[in-house]
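Below, each chain spelled out in residue letters.
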Amino acid sequence: MSYVELRAKSFFSFGEGASHVSELLERAIALGYPALALTDTNLCGAFEFAKLAGRMGIKPITGGQITLADGSRITLLARSKKGYANLSRLFTLANFVDRKDPRLDQSHLQEHAEGLFLITGCSDSIVSRLLMDGEAGKASALLRQYQKWFGPDAVYVGL
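Residues numbered from 1 in each chain as written. Predicted model: local features only at pLDDT ≥ 70, side-chain atom pairs only at ≥ 80, totals over all residues. Heavy atoms only, no water.

## Focus: the sheet that holds strand β4 (residues 73-78)
Then, in step 1: As summarised here, the arrangement of the six strands in space is β1-β2-β3-β4-β5-β6, forming an open sheet in which the pairing is mixed. Each edge of the open sheet is held by one strand with a lone partner, namely β1 (5-8) and β6 (155-156).
Then, in step 2: In this sheet, strand β2 (residues 35-38) lies alongside β1 in parallel orientation, the contact comprising two bridges. By the bridge assignment, E5 is partnered in β2 with L36.
Then, in step 3: Strand contacts of helix α1 (residues 21-30): β1 and β2, with the helix running at about 150° to β2, the strand carrying the most contacts.
Then, in step 4: Lying over the sheet, helix α3 (residues 81-97) contacts β3 (59-67), β4 and β5 (116-119), oriented at roughly 30° with respect to β3. (Pairing = 2+ DSSP bridges. Helix = DSSP H or I, 4+ residues; strand = E, 2+ residues; numbered from the N terminus. Contact = heavy atoms within 4.5 Å. Axes fitted to C-alpha atoms, helices over the stretch in contact; angles between N-to-C directions.)

Here it is as structure tokens:
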């Protein structure tokens with residue numbers, strides 16, 4: 001089984017990523033990855049990434065990292081055209097609040113979950129915060145809510 005990076009960021013994630021999508025793809029090829037997920041904080045590089053990945057023989061996975069209203073983060077990966085449309089809509093809703101500091105009200109996730117995988121994030125996720133605060137019951141309840149919205153096979157906990 002091959003490893004696939006599901007949280008790569010390019011320079012389109014201003015202040016977080018530094019590499020051009022072509023550099024990320026070249027590195028993925030060098031490491032023998034069959035696929036790569038680009039999860040920038042916007043979709044600015046998604047088209048170029050998909051186009052280049054196809055030419056380079058890497059399966060592109062389009063995704064994004066979204067900051068929720070409480071400051072926590074989640075990663076969403078599109079698994080269908082509907083998922084890509086929902087991901088685009090969620091980024092639009094987050095940018096509607098504040099273009100310079102986009103934040104998404106978690107209530108929008110339920111309506112736009114179809115066709116997406118959700119990765120809870122790592123130490124910057126609400127699930128991690130709840131666990132670190134000794135609130136395992138609340139973390140478990142939130143994961144069940146995410147599974148209800150996204151599907152039982154579409155929610156993963158980032159480590």
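Having put the structure on the table, let's press on.
## What about the nonpolar core?
Then, in step 1: Core analysis: the biggest nonpolar cluster contains 27 residues, and L76, L109, Y146 and F150 have the highest contact counts within it.
Then, in step 2: Listing elements by their share of this core, those giving two or more residues are β4, α3, β5, α5 (126-132) and α6 (136-150).
Then, in step 3: Residues Y33, L38, A53 and I58 belong to the second largest nonpolar core, which totals twelve residues. (Core = buried A, V, L, I, M, F, W, Y, C linked by side-chain atoms within 4.5 Å. Buried < 20%, exposed > 50% of the residue type's maximum accessible area, 1.4 Å probe, protein only.)

## What about helix α2 (residues 46-56)?
Then, in step 1: A46, F49, L52 and A53 are the residues of α2 that are buried. In an axial view of α2, the angular spread of the buried residues amounts to 135°, which keeps them on one side of the axis. Opposite the buried face of α2, at more than 90 degrees from it, the exposed residues are F47, G54 and R55.
Then, in step 2: Contacts made by the buried residues of α2 are with α1, β2, β3 and α3.
Then, in step 3: Positive phi shows up at G57, right after α2, with a value of about 80°. (Arc of directions from axis to C-beta.)

## Considerations on the packing of aromatic side chains
Then, in step 1: Counting across every chain of the model gives five aromatic pairs.
Then, in step 2: Ring centres of Y146 and W149 lie 6.2 Å apart, and the angle between their planes is 55°; this geometry places the pair in the tilted category. With Y146 and W149 both in helix α6, this residue pair falls three residues apart, about one helical turn.
Then, in step 3: Their ring planes at 85° and their centres at 6.5 Å tell us that Y146 and F150 sit as a pair that is edge-to-face. Taken together, the positions of Y146 and F150, both in helix α6 and four residues apart, correspond to about one turn of that helix. Judged on exposure class, the residue Y146 and its partner F150 are both buried.
Then, in step 4: An aromatic cluster is present here, built from Y146, W149 and F150 joined pairwise through their rings.
Then, in step 5: The ring centre of F117 lies 4.7 Å from the NZ or CZ of R79, which sits over that ring. (Phe/Tyr/Trp six-rings, centres within 6.5 Å; stacked < 30°, edge-to-face > 60°. Lys NZ or Arg CZ within 6 Å of the ring centre and 35° of its normal.)

## A closer look at the packing of α1 against α2
Then, in step 1: Their axes nearest at 10 Å, the elements α1 and α2 cross at an angle of 35°. Considering the relative orientation of α1 and α2, their crossing is right-handed. Counted together, V21, S22, L25, E26 and I29 of α1 and E48, F49, L52, A53 and M56 of α2 form the full contact between these two elements.
Then, in step 2: In the contact of α1 with α2, the residues fall into seven nonpolar, one polar and two charged. (Left-handed = near helix turned anticlockwise from the far one by under 90°. Nonpolar A, V, L, I, M, F, W, Y, C, P; charged D, E, K, R; others polar.)

## Digging into the pairing of β4
Then, in step 1: With six of its six residues buried, β4 lies for the most part within the structure.
Then, in step 2: Side chains R73, T75 and L77 of β4 all project onto a buried face; the interleaved residues I74, L76 and A78 project onto the opposite face, where all are buried too.
Then, in step 3: Note that β3 and β4 share five bridges and pair antiparallel. Within β4, the position partnered with G64 by the bridge is L76.
Then, in step 4: Hairpin geometry of β3 and β4 is characterised by an intervening segment of five residues between the two adjacent antiparallel strands and by a positive phi of about 90° at G71.
Then, in step 5: Where β4 lies against β5, four bridges are found, and the strand directions are antiparallel. Note on β5: the bridge partner recorded for T75 is I119.

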